[in-house]
Each structure stands twice: as structure tokens, then as C-alpha cells.
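This is what each chain is made of:
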Amino acid sequence: MLLKLTGSSCSGKSTLAFAVAGRLRQVAVHDFDEVGVPENADRQWRHRMTELWVRRALTYQDRGADLLLTGQSPLGEVLAAPSAPLLDGIAVCLVDVADDVRRERLTARDAGRWDSSAVDAFLGWAAWHRGHARDPRHRPNVITGGSGPEMAWHRWTTWTAADPRWRTHRLDTTGRPVTDSVDQLEQWVSDQREAHRTGHLPLAPGWTAITDHTT
């Protein structure tokens, strides 16, 4: 299955993922950007790379392993990737942090690289992620607008927040020691794998065929 960690920059996604890697059996850990990020990387590039990583998850799936992937692609982009229905399970976790902490981390990690408008854009992207995690109807055009024709947005754009398949766990790292957040991530991974094993994972095979989940 694909275990996806999403969120805006400097929330701690990669730090947590690689810290938990040694605790998990049959789980490969990768960062979305390790394939290389071109200078002109845009939304369509992210969509293409999301499909690339879904296909890599399928390769791990064939080997009997799961993929824990960090990156900024949210649930809606993962579900719309052409090959997503072939995965035997999908689970997404939003790694988040308070805006003031994110601002401090951006300054410390990339000193002088980002001006105030760029930092504000990161914070706006983080706010959008929170809204998207709660409700598929939250400004979907942010990711669907200008995308390539291969993306299957229709799979979820009629869903509501009441649909059990629309589930993104939120892990807030604000004010927490890294060790605590790593423990939480390990528990989340274990819970998703157990849900998959017992047939309780919402995004299991056949999720695209289910249409009536509204209340």
C-alpha cells in the first residue's frame, strides 16, 4: 500500500519518515523530490511525479512491501493519479506545524532564499492543505486547475466531507519533541497497515466503484 505524508515545507515530513524507517518492517521510505526537481517545476510536474511514485509503490506492492512517501501531493492528487486504483491500499497523513514555527524553520533552513511573499505562499499552501484534508470541496481548483488530461479528478470531486474515503490524518508537530512525533507516526503507520489487513481501510481496492457515501 501507499502511505503518503503530505504538507507544506518545513513541517517535518522527511525528518519523521526517515527517523521511523528503522522501526518498520517491509516498508520502503522515500522522499518525493529525490527524483530531482527542475527549476520550472509546476503543478503539472507534481502531478506527473505523483503518478511516477504511485507506480513505484505498485512495484513495492508486487514485492510484498509498502511505500512510505514524503512530499507535498495531497490526498486529491494521489487519488486522481492514473494508476492509483491499482494500489491495494492508500492512506494519507498531513504533517503540520503552526505558522510561526514554519516561518522560523524556513528562515533557519534556507536563510536569505525566500522573501516575505514566498514565505507567505508557503503558509497559504499549508492553510489550503488543512482545508483540503477536512473537505474535498475546499477550493479544489488549487490542484485541479490547469492540470494534464491524465488526472482523474472525477474520482472524488463529487464527494463530501462525510465520505469515509476522504480521510487524512493530521499529525501536528508544534511544540513536540521529534521523538514524540516519530512515535505518533509509527502508530499511524501500524494502524493503517492493520486496517488494511483486517479489511477496514477505506481506500482499499474497489474504492472508485463506491458512489453513495453521503449523509
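Data block above holds the structure.
The rules behind these values
- Residues numbered from 1 in each chain as written.
- Predicted model: local features only at pLDDT ≥ 70, side-chain atom pairs only at ≥ 80, totals over all residues.
- Heavy atoms only, no water.
- Helix = DSSP H or I, 4+ residues; strand = E, 2+ residues; numbered from the N terminus.
- Buried < 20%, exposed > 50% of the residue type's maximum accessible area, 1.4 Å probe, protein only.
- Polar contact = N/O pair within 3.5 Å; in protein donor to acceptor, adjacent residues only side chain to side chain.
- 1 Å grid on protein atoms, 1.4 Å probe; cavity = no way out; pocket = protein on both sides within 12 Å on 5 of 7 lines; lining within 4 Å.
- Points joined across faces, edges and corners; volume = space filled by probe spheres on them.
- Nonpolar A, V, L, I, M, F, W, Y, C, P; charged D, E, K, R; others polar.
- Contact = heavy atoms within 4.5 Å.
- Phe/Tyr/Trp six-rings, centres within 6.5 Å; stacked < 30°, edge-to-face > 60°.
- Lys NZ or Arg CZ within 6 Å of the ring centre and 35° of its normal.
- Expected span 1.5 Å × (residues − 1).
- Core = buried A, V, L, I, M, F, W, Y, C linked by side-chain atoms within 4.5 Å.

(A) Region of interest: the side chain of Asp66. Within the secondary structure, Asp66 is located in strand S3 (residues 66-70). Relative accessible area serves as the criterion here: at 11%, Asp66 is assigned to the buried category. Only 2.7 Å separates the side chain of Asp66 from the backbone nitrogen of Met1, close enough to count as a polar contact.

(B) Looking closely at the layout of surface pockets. The space that makes up the largest pocket amounts to roughly 1,100 Å³. Forming the boundary of the largest pocket are 37 residues, of which Ser9, Asp33, Gln72, Arg109 and Phe122 lie nearest the centre. Those elements giving two or more residues to the lining of the largest pocket turn out to be helix H1 (13-20), helix H2 (43-62), helix H4 (99-109), helix H5 (116-134) and helix H7 (178-197). For the lining of the largest pocket, the per-class residue count stands at 15 nonpolar, ten polar and twelve charged.

(C) Structural context of the environment of Thr144. Topologically, Thr144 is positioned in helix H6 (residues 141-144). Separated by 100 residues in the primary sequence, Thr144 and Gln44 place their C-alpha atoms 9.6 Å from one another. Filtering out sequence-adjacent residues up to four positions away, Thr144 remains in contact with Trp153 and Trp156.

(D) Layout of the packing of aromatic side chains. Evaluated as defined, the whole model comprises six aromatic pairs. Between the aromatic rings of Phe32 and Trp45, the centroid separation amounts to 6.0 Å while the plane-to-plane angle is 80 degrees, which identifies the pairing as edge-to-face. Of the two residues, Phe32 sits in the loop between strand S2 (27-31) and H2 while Trp45 sits in helix H2, which places them 13 residues apart along the sequence. On the basis of an interplanar angle of 85 degrees and a centroid distance of 6.2 Å, the ring pair of Trp153 and Trp156 is categorised as edge-to-face. Classification of Trp153 as buried rests on a relative accessible area of 11%. An aromatic cluster is defined as three or more aromatic residues linked by ring pairs; in this entry it consists of Trp153, Trp156, Trp159, Trp166 and Trp207. A cation over an aromatic ring shows up here: Arg56 above the ring of Trp53, its NZ or CZ 4.7 Å from the ring centre. The ring of Tyr60 has Arg63 sitting right over it, with the charged end atom 5.5 Å from the ring centre.

(E) Fine view of H5. With 19 residues, H5 ought to run about 27 Å at 1.5 Å a step, and its terminal C-alpha atoms sit 28 Å apart, in line with that. Considered for burial, the residues of H5 that qualify are Val119, Phe122, Leu123, Trp125, Ala126, Trp128, His129, Arg130, Gly131, His132 and Ala133.

(F) Main features of the nonpolar core. One finds Leu2, Leu67, Leu79, Ile90 and Trp156 to be the most contacted residues of the largest nonpolar core, which totals 33 residues. Residue assignment for this core shows that the elements contributing at least two residues are H2, S3, helix H3 (75-80), strand S4 (90-96), H5 and H6. No other element matches H2, which puts seven residues into this core. Residues Leu5, Val27, Leu68 and Cys93 belong to the second largest nonpolar core, which totals 20 residues.

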